[in-house]
Amino acid sequence: MMSLRAYLASYADGEVTRAEMIETVAAWPLEETDFDPAHTLPTHQDNTPDVLAIALLNGQIADADYQEITLRRQRS
């Protein structure tokens, strides 16, 4: 399985349809973000909720995409 970051980049590049992206990302097995108080830099983990939020901030996905993914994740 590719990383969530790479998958969202392929969506932003038009390689994946919106419907497929939403379905796939809503079912994506997200990991907990590693937290180490002594490590202040980003962890660069590729399959965390932070990656999805960053994709929204960077314009790779739309606000409506983010909301739909979040809604579907809450339902499952």
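Residues numbered from 1 in each chain as written. Predicted model: local features only at pLDDT ≥ 70, side-chain atom pairs only at ≥ 80, totals over all residues. Heavy atoms only, no water.

Draft legend 1. Expanded view of helix α3 (residues 49–57). Buried within α3 we find Val51, Leu52 and Ala55. Angularly, the buried residues of α3 cover 100 degrees about the axis, an arc narrow enough to put them on a single face. Those residues of α3 hidden inside the fold are in contact with α1 (4–12), α2 (18–26) and α4 (63–75). Immediately beyond the C-terminal end of α3, within one or two residues, lies Gly59, with a positive phi of roughly 80 degrees. (Buried < 20%, exposed > 50% of the residue type's maximum accessible area, 1.4 Å probe, protein only. Helix = DSSP H or I, 4+ residues; strand = E, 2+ residues; numbered from the N terminus. Arc of directions from axis to C-beta. Contact = heavy atoms within 4.5 Å.)

Draft legend 2. Examining the confidence of the model for the chain more closely. For the chain, per-residue confidence averages 89 on the pLDDT scale, and 87% of positions sit at 70 or higher. Across the chain, α2 holds the top mean pLDDT of 97, while α3 sits lowest at 93. (pLDDT = per-residue confidence, 0-100.)

Draft legend 3. Fine view of the side chain of Thr48. Looking at the element boundaries, Thr48 is found in the loop between α2 and α3. In contact with Thr48, other than residues within four places in its own chain, are Leu4, Leu30, Glu31, Glu32 and Thr33.

Draft legend 4. The arrangement of the pattern of salt bridges in detail. Following the criterion strictly, the structure yields three salt bridges and no others. Between Arg5 and Asp46 there is a salt bridge, with the nearest N and O atoms lying 2.2 Å from each other. With Arg5 in helix α1 and Asp46 in the loop between α2 and α3, the pair connects residues that are 41 residues apart, well separated along the chain. Between Asp65 and Arg18 there is a salt bridge, and its shortest N-O distance comes to 2.5 Å. A residue pair is termed long-range when its members are at least 10 positions apart, and Asp65 in helix α4 and Arg18 in helix α2 qualify at 47 residues. Under the relative-accessibility criterion, Asp65 is labelled buried at 3%. (Salt bridge = Lys/Arg side-chain N within 4 Å of Asp/Glu carboxyl O.)

Draft legend 5. View of the packing of aromatic side chains. This structure, assessed with the given rule, holds one aromatic pair. Ring centres 5.6 Å apart and planes at 50 degrees place the aromatic pair Tyr7 and Trp28 in the tilted group. Taken together, the residues span a long stretch of sequence, with Tyr7 in helix α1 and Trp28 in the loop between α2 and α3 at a distance of 21 residues. Look at Tyr7 and you get buried, because its relative accessible area is 8%. (Phe/Tyr/Trp six-rings, centres within 6.5 Å; stacked < 30°, edge-to-face > 60°.)

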